[in-house]
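# A look at the structure
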Amino acid sequence: MGALRLTLLHLALLATAAAGARPSEVAVGALFTYDSTIGRAARLAIELAVDDVNADRTVLAGTQLKLITQDTNCSGFLGTIEALQLVEKNVVAVIGPQSSGIGHVISHVVNELHVPLLSFAATDPTLSASEYPYFIRTTISDYFQMNAVASIVDYYQWKEVTAIFVDDDYGRGGVSALGDALAAKRARISYKAAIPPNSNTDVINDVLFRANMMESRVMVVHVNPDTGMRIFSIANKLQMMASGYVWIVTDWLAAVLDSSVSSDLKYMSHIQGLIVLRQHTPESDSKNKFISKWNSVARNRSITSGLNSYGYYAYDSVWAVARGIDQFLNSGQQINFSADPRLHDSNGSMLQLSTLNIFDDGEQMLQQLLLTNFTGLTGPVQFNSDRNLVRPAYDILNVGGSGSQLIGYWSNYSGLSVTAPEILYHKPPNTSSIAQKLHNVVWPGDSTSTPRGWVFPNNGQPLRVGVPIKASFKELVAGGRGPDNVTGYCIDVFNAAIKLLPYPVPCQFMTIGDGRKNPNYDDIIKMVAANSLDAAVGDFAIVRNRTRIAEFTQPYIESGLVIVAPVKQATSSAWAFLKPFTLEMWCVTGALFIFVGIVVWILEHRTNEEFRGSPRRQVITIFWFSFSTMFFSHRQNTVSALGRFVLIIWLFVVLIINSSYTASLTSILTVQQLATGIAGIDDLISSALPIGYQAGKFTRSYLIEELNVPESRLVPLNTIQEYADALKRGPKDGGVAAIVDEMPYVEIFLSYHCNFRVVGQEFTKEGWGFAFQRDSPLAADLSTAILQLSESGQLQRIHNEWFTRPSCSSDDSEVGATRLGLGSFWGLFLVCALICLFALLMFFIRICWQYSKYSNAEAAGEPSAGDADTTTTAVAAIDAAERQRRPSRLGSFKELMQFVDKKEEEVRRTMKRRSSEKDNQAAGSSDAQPMASA
């Protein structure tokens, strides 16, 4: 018992010593601008938080927080000086700074002094870099805010925005994050309007004027809250708050609106229709109590500004510091500072740098702060590996009337939604485009329809349209005396589509090419991608490698690749009538004719007199009947059911053979034949013959890269006449065997030269479209206009106006007629043969059955009439002898053939007569039995 008392006493002494080791107070610094929108809300929130911490016995028991604040005065230089003065007071952590610029500078100081920096308002994403390990952000980074902006832009399908930002660390960091977020949504910042810090009205007016000259009407404003409201006043004077504009404003405006009382909102008429982001803070009892307490104290102190979301983050920052210090002290750590030997005053300097001390256990304090995990006014206060708060979320507001309406939320968990993020956290994440939703928005100009988001730039510069000028095919594109005098089918389609746009688009055509040699079309598309041209109009095929660097409209004409080859008129011969069928086909057809004739003769021989007679006559009948069916002139009538069935099937086969023969013979005698024997793309590739293509077009790269045709086989051609000359000369005389080109060119070429034809099928499917720079909204609008032209029939009318020359027929059936072989008819012949065999099988089954009955009847009728008086024993002996003779008779093939050769009617009469004789014999036997017994 005594040992136990000593142990308890020892533990009590250790606890007393440990308690005595805890300091009575711990100094914590706060760094912000007192007289600012964020500073006024944060100052009171921080003071209330310190009071609440000191009043709470569960946190820092026995230790009080001592708050030391410094005013940065909205100045980077003064803020840096104030920060240095703050850290020389041996603070264990600093809450702030409010400015991202000061945060960058002070982060280097605290890195050396090991003092954690917890900022509730510095949102520059670059402060999360590993370069600043002691910087902890207790608010939401602009990285997430810009992702929210990009989600809104993508939701309304805008592709370009104009970024208006303050030109400092805060503004540049935010815009950089915006560019990355938009790129992930296939959108971009088309113009950056940077406003220098502390700019006057004239400078802001000049920046906005230049921004208004650009085509984008989606303005993203990322500036400081204390000077940002002037932007909208100036924009209103420039008529930039009218219908058609879109303004998306980051959370600084929400802080201004929340901090302003109704009497201060003199700028509300200038910000109608804006979309504003605000950090999302979930509703809770603790939040409502804090708001009530903050408002009560603010009234007592005559504070005229209101509370904004940054005040909540400042309040939670104090609690995060308090909990971190508590865990630090509970782990047995001591708060000690030591001088940095590298900092010393020299040469009589008045900076007194030696007063800056290093927090010895600052690294342990930093780790405790990063492990913070509690629920504050802003929701879960917990840091991820980038030292950012988890679960970032924003409210999305629409300014209208004297206030704003909540139209939805954005969270890093589920994107845009109309449901609060804290509810969605309990469901599986869903960031699909279908799940993204927002309520209706009233846009600037009191419009409820979603703005297009862009207009043609109002900078006096017309659209630079590149037009290829070629040596031929003037029906498509032709150059005049000047750049503006271009004509052709493609130009008319473009002009008609431009007229359908709901806004004017001035265009300046820029001809490319000298008209003697075709320009390279891929180079023209690269000029569009390089911003040397705004668009390319002409016969531009939409192919894969071009869509990677340019945006194409809806195709306005189909243009697959085809093969053009020379043809020659077929020469007639005395044996031309044999050409429709191959030798194999002739032999099989003749054999089938004879086979069917024999089958019908067998089926009809016993019942039809026309199929009987001498052997010579019957052989002639077989051949006559067989071949006369070819012309449906057979005079023999079929009377048996099986014979008629076979004849019907055979006449159908004969009809097919006759029709095919007639069509093939007609084709052979009338159509043109290929001069080179090339019937399609496979024949062309497998041959070693030269191939022509149109210079400058994508055909060359397609043949080389996709079809593996050697480049040495390809011959570039420029004009229609070169096409014709190369085809006429042929491979032997330095020409080409065939030309591969797009169908519209081939149609024009064939309208001039009818001794060439399209062979094979169209082996690619492309279309022609107008090319624009990537993500150009004009491409989408022109696509809609092209569809309108197509639906109204105007597109076809334009086509008919330019393609007026009658084109030679290019039907593949008219080129290179082929002979018909057995492969086209073997199925039909097989069916016919099987039906004939089936009919013969049924016929012989019936013959065997008749022969069996006939033999039985003949055996029963052999005894004479005198035998009726014999005894019963004699009759039995005769029956036994007949049974012994019957097998030899049935087994005689000669007798069977004789039976088959008999007429059906004769067999029936014989069987009927013998049946009657058998009945009479049976009656006589029954009369003889009573006489024998007598």
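Conventions and cut-offs
- Residues numbered from 1 in each chain as written.
- Predicted model: local features only at pLDDT ≥ 70, side-chain atom pairs only at ≥ 80, totals over all residues.
- Heavy atoms only, no water.
- Helix = DSSP H or I, 4+ residues; strand = E, 2+ residues; numbered from the N terminus.
- Contact = heavy atoms within 4.5 Å.
- Polar contact = N/O pair within 3.5 Å; in protein donor to acceptor, adjacent residues only side chain to side chain.
- Buried < 20%, exposed > 50% of the residue type's maximum accessible area, 1.4 Å probe, protein only.
- Pairing = 2+ DSSP bridges.
- Axes fitted to C-alpha atoms, helices over the stretch in contact; angles between N-to-C directions.
- Right-handed = clockwise from strand over helix to strand, strands pointing away.
- Salt bridge = Lys/Arg side-chain N within 4 Å of Asp/Glu carboxyl O.

With respect to the helices and strands, the residue Arg774 is situated in the loop between strand E30 (771–773) and helix H24 (777–792). For Arg774 and Glu551, which are 223 residues apart along the polypeptide, the C-alpha to C-alpha distance reads 4.8 Å. Beyond its immediate chain neighbours, meaning those up to four positions away, Arg774 contacts Arg186, Arg188, Thr547, Arg548, Ile549, Ala550 and Glu551. Within the local environment of Arg774, its side chain forms a polar contact with the backbone oxygen of Thr547, the two atoms lying 3.0 Å apart.

Take the pairing of strand E10 (residues 275–279) next. Within E10, four of the five residues are buried, which leaves it mostly tucked inside the rest of the structure. Pairing between strand E9 (residues 246–249) and E10: two bridges, direction parallel. Residue pairing across strands places Ile248 opposite Ile275, the latter belonging to E10.

Read across the open sheet, the eight strands follow the order E7-E6-E8-E9-E10-E15-E16-E17; overall the sheet is mixed. Looking at the sheet topology across the chains shown, the edges are occupied by strand E7 (188–195) and strand E17 (415–417). When strand polarity is set aside, the average angle formed by the axes of neighbouring strands in this sheet is 25 degrees. Bridge count between strand E6 (residues 160–166) and E7: seven bridges; the pairing is parallel. From the neighbouring strand, Val161 faces E7, where its bridge partner is Ile189.

The subject of this paragraph is the pairing of E9. Covered by surrounding structure in E9 are Val246 and Ile248 together with Trp247 and Val249, the residues of both alternating faces. Across four bridges, the pairing between strand E8 (residues 218–222) and E9 is parallel. Paired with Val220 across the two strands is Ile248, which belongs to E9. Assessed by its sense of winding, the connection that carries the chain from E8 through helix H8 (residues 229–237) to E9 is right-handed.

Once that is clear, we can look at the pattern of salt bridges. Going through the model one piece at a time under the given rule, you end up with 22 salt bridges. The closest approach of N and O atoms between Asp534 and Arg464, which form a salt bridge, is 2.9 Å. Of this pair, Asp534 sits in the loop between helix H15 (521–529) and strand E20 (535–536) while Arg464 sits in strand E18 (residues 463–468), and the two are 70 residues apart along the sequence. For Asp534, a relative accessible area of 19% translates into the label buried. The shortest N-O distance in the salt bridge between Arg774 and Glu551 comes to 3.9 Å. On the criterion of sequence distance, the pair formed by Arg774 in the loop between E30 and H24 and Glu551 in strand E21 (residues 550–552) is long-range, its members being 223 residues apart.

Note on placement: Asn111 falls in helix H4 (residues 100–113). Spatially, the C-alpha atoms of Asn111 and Gly362 are 9.7 Å apart, while their sequence positions differ by 251 residues. With residues near it in sequence (within four places) discarded, Asn111 still touches Glu131, Tyr132, Pro133 and Tyr134. Within polar-contact distance, the side chain of Asn111 engages the backbone oxygen of Glu131 at 3.1 Å.

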